[in-house]
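Okay, here's what each chain looks like letter by letter:
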Amino acid sequence: DGGITQSPKYLFRKEGQNVTLSCEQNLNHDAMYWYRQDPGQGLRLIYYSQIVNDFQKGDIAEGYSVSREKKESFPLTVTSAQKNPTAFYLCASSIGVSSFTGANVLTFGAGSRLTVL
Amino acid sequence: AQSVTQPDIHITVSEGASLELRCNYSYGATPYLFWYVQSPGQGLQLLLKYFSGDTLVQGIKGFEAEFKRSQSSFNLRKPSVHWSDAAEYFCAVGFSGGGADGLTFGKGTHLIIQP
């Protein structure tokens, strides 16, 4: 079955360390997104990518970095510059802007919970 | 900029009772509207979506939502809730011009089901 796989499910980090969250999709979707979720805050967009080797900052990109070397993969690195990284991170994908309606329909992974010790 | 407001942070409903979750949006053009559901520690699942046409849309799990342009609302309803409906519900708005930067989400409504 097609879907989005995020790993690891749980991750613990010491202060000052960089960590990378994996996101892989086999839906043949062009667009991929990273959202951060905090209790009572809803979902906030970190980065998004419409095509390979291109990505844009979202609303809260500071302290994060991404790459899009393959269509299927969109890893997120939480750097030591991120002041409050403990959160639930969600990866999503969509068909992309080739379809006005399809571009808006997001499919989500199961999420990764990052805790800073 | 577009925004989504879900006025109720928590709602408690008795099993078998009807449910309505409120959602209001702010957007200058024709919105694309969505409801997603999230179980604890899981990703989001699409319940239903509105792009155009009939303003009453049916979704999965017996949910429906009605788009009211005059009230800028897209409320989610279910005639009879089940204990398995307990979850977090998110309303979201998309850009009818393309959607390159994903969706804007409300802060969510936590639904509690009383036995």
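Residues numbered from 1 in each chain as written. Chains lettered and ligands numbered in written order. Predicted model: local features only at pLDDT ≥ 70, side-chain atom pairs only at ≥ 80, totals over all residues. Heavy atoms only, no water.

## Some thoughts on the pairing of strand S9 (residues 87-94) of chain A
Residues and elements named next belong to chain A. Counting buried residues in S9 gives eight out of eight residues, a clear majority hidden from the surface. Residue alternation in S9 divides its side chains into two sets, Ala87, Tyr89, Cys91 and Ser93 and Phe88, Leu90, Ala92 and Ser94, and both sets are buried. Both strand S4 (residues 31-38) and S9 contribute to a ladder of seven bridges, which runs antiparallel. Following the sheet pairing, tyrosine 35 is matched in S9 by leucine 90. In this structure, S9 lies alongside strand S10 (residues 107-108), joined through two bridges in antiparallel fashion. Residue pairing across strands places serine 93 opposite threonine 107, the latter belonging to S10. (Buried < 20%, exposed > 50% of the residue type's maximum accessible area, 1.4 Å probe, protein only. Helix = DSSP H or I, 4+ residues; strand = E, 2+ residues; numbered from the N terminus. Pairing = 2+ DSSP bridges.)

## What about the sheet that holds strand S8 (residues 76-78) of chain A?
All names here are of chain A. The antiparallel open sheet is built from four strands, whose spatial order is S1-S3-S8-S7. Each end of this open sheet is capped by a strand with a single partner; those strands are strand S1 (4-7) and strand S7 (64-66). Taking the axes of each pair of neighbouring strands and ignoring which way they run, one obtains an average angle of 20° across the sheet. Taken together, the four bridges between S1 and strand S3 (residues 19-25) define a ladder with antiparallel strand orientation. Across the sheet, the residue bridging to glutamine 6 is cysteine 23, located in S3. (Axes fitted to C-alpha atoms, helices over the stretch in contact; angles between N-to-C directions.)

## Structural notes on a nonpolar patch on the surface
A contiguous nonpolar surface patch, about 400 Å² in accessible area, is contributed by Tyr10(A), Phe12(A) and Leu117(A). Tracing the backbone through its elements, the reader meets Phe12(A) in strand S2 (residues 10-13). (Patch = residues over 30% accessible without salt bridge, like charges linked within 9 Å, V, L, I, M, F, W, Y side chains within 5 Å. Areas by Shrake-Rupley, 256 points an atom, 1.4 Å probe, with all protein chains shown as cover. Salt bridge = Lys/Arg side-chain N within 4 Å of Asp/Glu carboxyl O.)

## With respect to the pattern of salt bridges
Pairing of side chains with opposite charge becomes possible as their charged atoms draw close. This structure, assessed with the given rule, holds seven salt bridges over all chains. Taking the shortest distance from any N to any O, the salt bridge between Arg22(B) and Asp8(B) comes out at 3.0 Å. Here Asp8(B) lies in the loop between strand S1 (3-5) and strand S2 (10-14) and Arg22(B) lies in the loop between strand S3 (19-21) and strand S4 (24-26), a separation of 14 residues in the sequence. On the basis of relative accessibility, which here comes to 18%, the residue Asp8(B) falls in the buried class. For Arg77(B), the salt bridge is made with Glu64(B), and the minimal N-O distance between the two is 3.2 Å. With Arg77(B) in strand S9 (residues 73-78) and Glu64(B) in strand S8 (residues 64-68), this residue pair connects regions lying 13 residues apart in the sequence. A single salt-bridge network, built from bridges that share partners, covers Arg36(A), Asp38(A) and Arg44(A).

## A few points about unusual backbone geometry
Across the junction of Ser7(A) and Pro8(A), the peptide omega takes the value -10°, indicating a cis bond. In this fold, Pro8(A) is placed in the loop between S1 and S2. At Asn53(A), a position not held by glycine, the phi torsion is positive, near 65°. Structurally, Asn53(A) is set in the loop between strand S5 (42-51) and strand S6 (54-57). Even without a glycine there, the phi angle at Lys61(B) is positive, about 60°.

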